[in-house]
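What follows is the residue order along each chain.
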Amino acid sequence: MAPIAAADIPTLNLLYKLKKLDTSSSPSPKRASDHNDRVGLIRADITSLAVDAIVNAANKSLLGGGGVDGAIHRAAGPQLLSECRTLNGCETGSSKITDAYNLPCKKVIHTVGPIYDEIRPERSKASLQSCYKSSLELAVQHGLKTVAFSAISTGIYGYPSGEAAMVACEAVASFLDGDDGKKLDKVIFVTFEEKDVRAYNQALPRFFPPAAETSAYQGMNAESDPDEGDQAEAKAEAEAKANQLPSVPTTDPADPSRTQKKQKQDTEA
Ligand code: APR
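Each value, and the rule that gives it
Residues numbered from 1 in each chain as written. Predicted model: local features only at pLDDT ≥ 70, side-chain atom pairs only at ≥ 80, totals over all residues. Heavy atoms only, no water. Near = heavy atom within 4 Å. Polar contact = N/O pair within 3.5 Å; in protein donor to acceptor, adjacent residues only side chain to side chain. Areas by Shrake-Rupley, 256 points an atom, 1.4 Å probe, with all protein chains shown as cover. Helix = DSSP H or I, 4+ residues; strand = E, 2+ residues; numbered from the N terminus. Expected span 1.5 Å × (residues − 1). Buried < 20%, exposed > 50% of the residue type's maximum accessible area, 1.4 Å probe, protein only. Contact = heavy atoms within 4.5 Å. pLDDT = per-residue confidence, 0-100. Salt bridge = Lys/Arg side-chain N within 4 Å of Asp/Glu carboxyl O.

(A) Layout of the site of the ligand. With respect to spatial proximity, 23 residues lie near the ligand, and among them Gly66, Val68, Asp69, Gly155 and Glu193 are the closest. Contact distances for the ligand include 3.0 Å between a nitrogen atom and a side-chain N or O atom of Asp45. Taking Gly155, its main chain carries an N or O atom lying 2.8 Å from an oxygen atom of the ligand. When the free accessible area of the ligand is taken as 690 Å², the share hidden by the protein chains comes to 97%. Contributing elements (two or more residues each) for the shell around the ligand: strand S4 (53-58) and helix H2 (67-76). Considering each element in turn, the shell around the ligand owes the most residues, 4 residues, to H2.

Here it is as C-alpha cells:
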C-alpha cells in the first residue's frame, strides 16, 4: 500500500463538511473547537502513514507482541527490535521513542497502555490519559509535528472502545489547549476495527465540536444557500479529497494470513 501523507489525512473540519461525522452527539456548541483543522481521523493501517511519528500500543517489555505492536515491528524490520532492546522496557502510562527503520514515518513512539481493570476503571483511565500526554510530550521534545495514534489498549488489553475514545479525545484536546500543543501541526486518530470507528465517531464531536455554521451547513442544501455556488464548490472539493482515502483494512495487513482474532488467541495462549 502506498504511504499516506499527513496532508492527505482528513481533518475534522473536512469530515464535518462532508457529513462523515455525525454531530448529533456534540452538545449544542457555543463555539467550535479551535483544533478542528489540526485533528485528523483515518481508518487505516498505521504502518502506512508517512507522518512524523506513529504511536504504538506496546507492552512493558517493548519487545514486540501481537496487534498493532506486531504489525509495526513486522513493517519496521528487525532493527526496531534491536533498538527497543536498549531501552530497558517502559512503565504503564509512559512512552519511549525509537527510529522507524523501514516504516514510512520518521519515528515510533511506544506507549504502554493499561490492561483494563473493571474493578478500578479510574486507575485505567489515569494510565490511558498518561499514554496520550507522555506521547505528545515526547513528540514535542523531538520537534515532531504530525503524530498518529492507534487506539491504545482497546485490543488485547481490553479497554472498552467507547470509553477509551473519550479518554483519548479529552487528553489530546487538553494537550492542544496548552502551550506545547501549539507546537504540533496535526494529531491523528487511527481506527482499525469497526468498534473503534464507531467509538471515535461518537467521541470526536463531543470534544471537538464543529462550528455552528458547519452544523447549519449540514442542514443546508444548495438551493437554500444564497451563495450556493461557493458551498457546492467547497463540497465538491471536499468530496474529491475524501474519495482519495485508502480502502479500509480488514485484517492485519502486515501479516494477512493471520486475522486479529488469531493474533489475540496467540497472545493469550
Ligand atoms: N493499524 C492500526 N491499528 C491497528 C493495527 C494496524 N495495523 N492493528 C491493530 N490495530 C488496532 C486494534 O484494532 C486496536 O484498536 O490497535 C488497537 C490496539 O490493540 P492492540 O494492538 O491489541 O493493543 P493493546 O490493546 O494496547 O494491547 C497491547 O498487545 O500486541 C500486544 O505487545 C502488545 O502486549 C501488548 C498488548
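(B) Expanded view of helix H6 (residues 194-207). Taking 1.5 Å as the rise per residue, H6 with 14 residues should run 20 Å; its terminal C-alpha atoms sit 20 Å apart, in good agreement. Those residues of H6 lying buried are Asp196, Val197, Ala199, Tyr200, Ala203, Leu204 and Pro205. Taken together, the buried residues of H6 touch helix H1 (12-17), strand S2 (39-43), helix H4 (121-141), helix H5 (161-177) and strand S8 (186-191).

(C) The arrangement of H2 in detail. With 7 of 10 residues buried, H2 is to be regarded as a mostly interior element. Among all positions in H2, only Gly67, Asp69, Gly70, Ala71, Ile72, His73 and Ala76 are buried. Trailing H2 by a residue or two, Gly77 shows a phi angle of about 100°, which is positive.

(D) A look at unusual backbone geometry. With a phi angle near 60°, Leu62 is a residue other than glycine that sits in the positive phi range. For Leu62, the position within the fold is in the loop between S4 and H2. We note that Tyr101 has phi near 55°; this positive angle belongs to a residue other than glycine.

(E) Inspection of the confidence of the model for the chain at higher detail. Residues of the chain with pLDDT of at least 70 account for 77%, and the chain-wide mean is 86. Scored below 50 in pLDDT, residues 216-226 makes 12 contacts in the model with residues more than four places away or belonging to other chains. Taken as a whole, residues 246-269 scores under 50 in pLDDT and shows 36 contacts with residues more than four places along the chain or in a different chain.

(F) Representation of the pattern of salt bridges within the structure. For the coordinates displayed, the defined rule picks out 12 salt bridges. Of the charged contacts, one joins Asp179 and Lys182 as a salt bridge, the two residues approaching to 3.7 Å between their closest N and O atoms. Here Asp179 matches Lys182 in class, with each residue exposed. In this structure, Arg198 engages Glu194 in a salt bridge whose closest nitrogen and oxygen atoms are separated by 3.8 Å. Here Glu194 and Arg198 lie together in helix H6, a separation of 4 residues that amounts to about one turn. A residue is classified by how much of its surface remains accessible, and Glu194, at 38% relative accessible area, is partly exposed. Salt bridges sharing partners connect three or more residues here, namely Arg43, Glu194 and Arg198.

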